4 protein chains.
Amino acid sequence: MNKAILIGRLTRDPEVRYTQSGVAVCTFTLAVDRRFARKEENNGQPTADFIPIVCWRKLAEVCGNNLVKGRRISVEGRIQVRSYDAQDGSKRYVTEIIADEVEFLDSRSSAPQAGGFGAPAPAAPQQSADAGSFGPSIPEEEIPF
Amino acid sequence: MNKAILIGRLTRDPEVRYTQSGVAVCTFTLAVDRRFARKEENNGQPTADFIPIVCWRKLAEVCGNNLVKGRRISVEGRIQVRSYDAQDGSKRYVTEIIADEVEFLDSRSSAPQAGGFGAPAPAAPQQSADAGSFGPSIPEEEIPF
Amino acid sequence: MNKAILIGRLTRDPEVRYTQSGVAVCTFTLAVDRRFARKEENNGQPTADFIPIVCWRKLAEVCGNNLVKGRRISVEGRIQVRSYDAQDGSKRYVTEIIADEVEFLDSRSSAPQAGGFGAPAPAAPQQSADAGSFGPSIPEEEIPF
Amino acid sequence: MNKAILIGRLTRDPEVRYTQSGVAVCTFTLAVDRRFARKEENNGQPTADFIPIVCWRKLAEVCGNNLVKGRRISVEGRIQVRSYDAQDGSKRYVTEIIADEVEFLDSRSSAPQAGGFGAPAPAAPQQSADAGSFGPSIPEEEIPF
DNA sequence: TTTT
DNA sequence: TTTT
């Protein structure tokens, strides 16, 4: 069991890239308000968590085409921790939510946008973005952004 | 809504520290197996996510007194992203799960261990651990480990 | 672990009652859209689940004072199954979600409404509603509506 | 969003049936301990919720083949409320969890058992069980047990 | 009995 | 770097 469920707003427009093999990847950051955190006068303490979200395949396309900065959504997914070696030789960690489902909460009638394996593959993009430049030896699910 | 629900095993014994004001903090790492990740022959890809967990107050005491490396538990909590300035001037991010509840899954009869505000405060420890050495200007909830 | 997380709309205005001892109870039904269920032409199959929600104490007051039919909310809580003996001697079951937190999703800026034990008790109402008429032998948490 | 996450034990061996078209359905009941509910001396109040679980397809087969009364599992799924007309003309409601994933928690090494659409269809059983006797006009997902 |  |  590895489940994350979030409701928040996009801090900026989502970015869509494509792997070398044409798989869409959408990334953005969710601002999730902290409970009991007042907005005014909080002693400089954070009032939200800024959580990186990654969507793949059809869900990436749907999010890239429909989301913009400021929109409120819910995200269901799993917590992924990747490690990589920094230039100074130390080990760094990146934590992201790999989204399985996204629901748009601002629209009047909302339908969940499901990701997953049954969905038809997206058409290959005209020009691959540079997500693929990390090379073929890195599995798509593990691409370091 | 900021909810994380995990089932996994401790990668090492938990550590308990105390803030200057005597509040207990327990930290450990959960190894959460990835779905569809085979153990043997996985091309060197990770088969688990290693997720840092933080418990406070009574829950910290209960976890510190009862958990050991290898035990399986479930954790319910929230995802917290803290940022701090590295020595080289760059900004670094730490993502942890602040646990609200922990359930011990190895024992025959398990009862959830609830954190929260209603619980009696733990007795102040004889000697404060060095968690407080980060100084008084940092709120307890935000201590960088 | 017994966790339910829902996003949906109220099918009607919430009802607030009080137990004999003055504890507020708020009940309503959430319409939660089913994934992949089209609205038009669904062969008479349901496109939503109608799920009874129960809030207690301060959370009951907040919900009773702020929610109306049609509003969209998220609910976090636990699934409770109560059984009772029907007049014909058979056993009947009622399943409800006992809410721990409610977040209002229509407002521009939303803050979660937390229930729980630390919250101050609500002022006793001028006139007790008939929730108390089920009598003193029934614990408040188990009142049959 | 309609999400249920439970940890509990089977109250009896699971039952596997098949629809007319050969789709496997597995049903059982999970006993989920209530928090803060003592076992001894609880004034006759329930110490657990007994929650009906339904699995479909490959997940149904896996559960039917591996689970027995008393085993501890985690379940992730959605809450489904079905209504039907009782013989006395009144409307009755059935609430079940439609499981998406089940994790076996007693075994030393546990792997989540995922349901879903990508899994290969099970071989048609030699003899259809009577789940199909509700007739072809009822969609498989809505079969009243 | 159901919401949009 | 952050949303409302």
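Everything numeric here is computed off the predicted structure, so don't read it as measured data.

Caption draft 1: Highlighting the overall build of chain A. Each helix and strand counted, chain A has one helix and seven strands in total. Each helix (α) and strand (β) of chain A, taken in turn from the N terminus, gives the series β-β-β-β-α-β-β-β. Buried positions account for 48% of the 145 residues belonging to chain A. Counting contacts in chain A only where the partners sit at least 6 residues apart, residues at least 24 apart contribute 61% of the total.

Caption draft 2: Structural context of the pattern of salt bridges. Evaluation of the coordinates by the stated rule reveals 44 salt bridges over all chains. When the shortest N-O distance is used, the salt bridge between D88 of chain B and R92 of chain B registers 3.4 Å. For R92 of chain B, a relative accessible area of 17% puts it in the buried group. Ionic pairing is found between R71 of chain D and D106 of chain D, a salt bridge with its closest N-O pair at 3.4 Å. Note that R71 of chain D is positioned in the loop between α1 (57–66) and β5 (72–85) and D106 of chain D in the loop between β6 (91–104) and β7 (112–114), a separation of 35 residues in sequence. Overall, D106 of chain D belongs to the partly exposed group, its relative accessible area being 38%. A single network of salt bridges, built from pairs that share partners, joins K3 and E76 of chain A together with K3 and E76 of chain D.

Caption draft 3: Quick look at the interface of chain A and chain B. Chain A puts 24 residues into the contact, and the matching count from chain B is 25 residues. For the pair chain A and chain B, the number of links is zero salt bridges. Those elements that place two or more of their residues in the side of chain A that touches chain B are β1 (2–10), β4 (48–56), β5 (72–85) and β6 (91–104) of chain A. It is β1 of chain A that contributes the most residues to the side of chain A that touches chain B, six residues altogether. Its residues assigned to classes, the side of chain A that touches chain B shows twelve nonpolar, four polar and eight charged.

Caption draft 4: The arrangement of the interface of chain C and chain B in detail. Of the residues lining the interface, six residues belong to chain C; the matching set on chain B comes to six residues. Regarding the contact of chain C and chain B, the summed buried area is about 660 Å², with carbon and sulfur atoms giving 63% of it. Of all residues in chain C, M1, K3 and I5 of chain C give up the largest surface area on contact with chain B, accounting jointly for 64% of the area buried on that side. Run the count over chain C and chain B and you get four residue pairs in polar contact (both at pLDDT 80 or more). Elements with a contribution of two residues or more to the side of chain C that touches chain B: β1 (2–10) and β5 (72–85) of chain C. Among the residues forming the side of chain C that touches chain B, the class breakdown is two nonpolar, one polar and three charged.

Caption draft 5: Spatial organisation of the relation of the copies chain C and chain B. Placing chain C over chain B gives an RMSD of 0.1 Å and needs a rotation angle of 180 degrees, together with 0.0 Å of translation along the axis. These values place the two chain copies in the arrangement generated by a two-fold rotation axis. The fraction of interface residues of chain C whose copies in chain B are also interface residues reaches 100%, indicating that both copies meet through the same surface.

Caption draft 6: Here's a closer look at the confidence of the model for chain A. Looking at chain A as a whole, the pLDDT averages 80, with 74% of positions reaching at least 70. Every residue in residues 118–145 of chain A is under pLDDT 50, and counting partners more than four places away or in other chains gives 48 contacts.

Analysis parameters
- Residues numbered from 1 in each chain as written.
- Chains lettered and ligands numbered in written order.
- Predicted model: local features only at pLDDT ≥ 70, side-chain atom pairs only at ≥ 80, totals over all residues.
- Heavy atoms only, no water.
- Helix = DSSP H or I, 4+ residues; strand = E, 2+ residues; numbered from the N terminus.
- Buried < 20%, exposed > 50% of the residue type's maximum accessible area, 1.4 Å probe, protein only.
- Contact = heavy atoms within 4.5 Å.
- Salt bridge = Lys/Arg side-chain N within 4 Å of Asp/Glu carboxyl O.
- Nonpolar A, V, L, I, M, F, W, Y, C, P; charged D, E, K, R; others polar.
- Buried area = accessible area lost by both parts, 1.4 Å probe.
- Polar contact = N/O pair within 3.5 Å; in protein donor to acceptor, adjacent residues only side chain to side chain.
- Least-squares fit on C-alpha atoms with pLDDT ≥ 70 in both.
- pLDDT = per-residue confidence, 0-100.

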